[in-house]
Amino acid sequence: VTGPVDQAGTRYVVRFGRMSSPTEVLVAERPSRFRTRFGNRLLRGEAEATFEDVDGRTRLVEVFEIHGFISNIAARIFGMGSYKGSFQGELNAFKAIVEREWSGDRSHPVSAG
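A brief structural summary. (Residues numbered from 1 in each chain as written. Predicted model: local features only at pLDDT ≥ 70, side-chain atom pairs only at ≥ 80, totals over all residues. Heavy atoms only, no water.)

### Details of the overall build of the chain
Broken down by element type, the chain carries 2 helices and 5 strands. Order of helices (α) and strands (β) in the chain, N terminus to C terminus: β-β-β-β-β-α-α. In the chain, which comprises 113 residues, the share counted as buried stands at 26%. Of all intrachain contacts in the chain linking residues separated by at least 6 positions in sequence, the fraction that spans at least 24 positions is 16%. Surface summary for the chain: the accessible area is close to 8100 Å², and the carbon and sulfur share equals 55%. (Helix = DSSP H or I, 4+ residues; strand = E, 2+ residues; numbered from the N terminus. Buried < 20%, exposed > 50% of the residue type's maximum accessible area, 1.4 Å probe, protein only. Contact = heavy atoms within 4.5 Å. Areas by Shrake-Rupley, 256 points an atom, 1.4 Å probe, with all protein chains shown as cover.)

### As for a nonpolar patch on the surface
Together, Leu42, Phe69, Ile70, Ile73 and Ile77 give the surface a local cluster of nonpolar side chains, amounting to about 520 Å² of exposed area. The residue isoleucine 70 is located in helix H1 (residues 69-80) in this model. (Patch = residues over 30% accessible without salt bridge, like charges linked within 9 Å, V, L, I, M, F, W, Y side chains within 5 Å. Salt bridge = Lys/Arg side-chain N within 4 Å of Asp/Glu carboxyl O.)

### A short note on the side chain of asparagine 40
Structurally, asparagine 40 is set in the loop between strand S3 (33-39) and strand S4 (44-54). At 2.7 Å, the side chain of asparagine 40 and the backbone oxygen of serine 20 are in polar contact. Within polar-contact distance, the side chain of asparagine 40 engages the backbone nitrogen of leucine 42 at 2.8 Å. With near-sequence residues (within four places) excluded, asparagine 40 lies in contact with Met19, Ser20, Ser21 and Pro22. (Polar contact = N/O pair within 3.5 Å; in protein donor to acceptor, adjacent residues only side chain to side chain.)

### Considering the nonpolar core
Of all hydrophobic cores here, the largest spans 6 residues; its members are Phe38, Leu43, Ala47, Ala74, Ala75 and Phe78. For this core, the element with the most residues is H1, which contributes 3 residues. (Core = buried A, V, L, I, M, F, W, Y, C linked by side-chain atoms within 4.5 Å.)

So this is what it looks like as structure tokens:
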């Protein structure tokens, strides 16, 4: 990590099992928007997460822009599975963390990947 994760220009490495992806923060507007550029030989592109208040609840919207033919194939495989390390698997782990924290039970850490 080259700096604060909530600051544009910061670089870090994301790991999904054995795969790693150098990542750069492009936009960090707390508390509503976070945009990154990521990439390795297999999968590269940009991702943006926005957080919106909807009737007192928070809606998370994520958008991925995948660059390149091979990256598009890899993204399709990564996005479809519910196995640990897939995008859906990561969302399931994130959901479990949020539900646990919302219930007040912080005794069981959840590993997302």
